[in-house]
Structures are given as structure tokens and as C-alpha cells.
Amino acid sequence: KRFYKEIWNGRRIEILPESFSSDIIVHYEFKTIIGIRRWKEELFDVITGAFPDATVKLETIKANGNHIFCRWASQATHKGEIFGVQPTNKKIEANGMDWAIIDCGKIIEAWTSWNLTFSLRKLQTDYKMLRGTLPFCSFCKRI
């Protein structure tokens, strides 16, 4: 609960070492990230840079021994470039699930699945449609 509330919603990345083991392994559909610093740089900074107002609502949490399962929903406004998709200022919603293994109170390995790819495709499609109908500056990509 603290991970979603304080790190994602509160942007308190300084407490990552309290939640993650230093050599955490996080598996995503598109890559595996090892280590706190890489997770922060390659995921957290990328997501919060593109969606600075992103919030995560924990919908379900279940535990079985040292295995934790969480289902969550997120809302955000697309304010920054992400994976080649220029800012659209559109609101998006994403849903996901995390499965984590805990040891000594810290996450040591996790698997995350979410519909980010679908949301980004929708943003990109909407952006391309607008580009064809509105006059965009070829340099800054603004209307």
C-alpha cells in the first residue's frame, strides 16, 4: 500500500530503499529492470515525466505467504513525450496488476502487467489524426 500511496502518488522516491531490495528484479512485458536506480530512471522517471499528474488507486491487494498480488487503476494527463509520442494533453486511464515476492519486508522480484501500450497507441493515433487536420509547426509540433 505504501508503495502506491507514497512512491507513485506522493513521488517520494527517497523511500525506494525501504520498499525495494537493492537488486530488485522487475519484469514488464517489454523489458526486465534490475536494481533500484535503473527502475527509477527507466520506468518511474519516464512515466512521471510524460504523465506528471499520474495517480494510482489500489483496487485489490491479496497476500499468500511472501507473495503479494495487487490490482490497480491509474489516471494521468499526457504532458510529456514518451516512446516517441509527443504530448497530447489528453487524459488517459491505465489498469494493471503487480505480483511481488517480499523478503524481509522488501520487494525482491515483481511482475507487472498493464495496458500502457494500448493507451499509448490511442494517444499516438489521436495525435496522427490531429496532425492531418490541423496546422502543426514542423519544428515544435504545436498547433
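Here's what I pulled together on the structure shown here. (Residues numbered from 1 in each chain as written. Predicted model: local features only at pLDDT ≥ 70, side-chain atom pairs only at ≥ 80, totals over all residues. Heavy atoms only, no water.)

On the surface, F69, M97 and W99 cluster together into a nonpolar patch covering about 270 Å² of accessible area. Following the sequence through the fold, W99 ends up in strand 5 (residues 91-103). (Patch = residues over 30% accessible without salt bridge, like charges linked within 9 Å, V, L, I, M, F, W, Y side chains within 5 Å. Areas by Shrake-Rupley, 256 points an atom, 1.4 Å probe, with all protein chains shown as cover. Salt bridge = Lys/Arg side-chain N within 4 Å of Asp/Glu carboxyl O. Helix = DSSP H or I, 4+ residues; strand = E, 2+ residues; numbered from the N terminus.)

This next bit is on helix 1 (residues 2-9). Along helix 1, the positions that sit buried rather than exposed are F3, Y4, I7 and W8. Axial view of helix 1: buried residues confined to an arc of 105 degrees, hence all on one face. Against helix 2 (16-19), strand 1 (20-27), helix 3 (36-50), strand 3 (55-64), strand 4 (67-77) and strand 5 lie the buried residues of helix 1. After helix 1 finishes, the residue R11 shows a positive phi value of roughly 55 degrees. (Buried < 20%, exposed > 50% of the residue type's maximum accessible area, 1.4 Å probe, protein only. Arc of directions from axis to C-beta. Contact = heavy atoms within 4.5 Å.)

Right, let's talk about the pairing of strand 5 for a bit. Relative to strand 5, strand 4 runs antiparallel, the two sharing 11 bridges. By the bridge assignment for strand 5, S74 is matched with A94. When strand 5 meets strand 6 (residues 106-114), the two strands line up antiparallel, connected through 8 bridges. Each residue of the ladder has a partner; that of D103, found in strand 6, is K106. What sits between the antiparallel neighbours strand 5 and strand 6 is a turn of 2 residues, in which C104 has the positive phi angle 55 degrees. (Pairing = 2+ DSSP bridges.)

Once that is clear, we can look at the nonpolar core. W8, F20, W39, L43, I47 and F51 are the most contacted members of the largest nonpolar core, which totals 33 residues. Contributions of two or more residues to this core are made by helix 1, strand 1, helix 3, strand 4, strand 5, strand 6 and helix 4 (116-133). Top element by residues in this core is helix 3. It accounts for 6 residues. Dropping the residues within four chain positions of it, F20 is found in contact with F3, I36, W39, K106 and I107. (Core = buried A, V, L, I, M, F, W, Y, C linked by side-chain atoms within 4.5 Å.)

These figures come from the coordinates and say nothing about function on their own.
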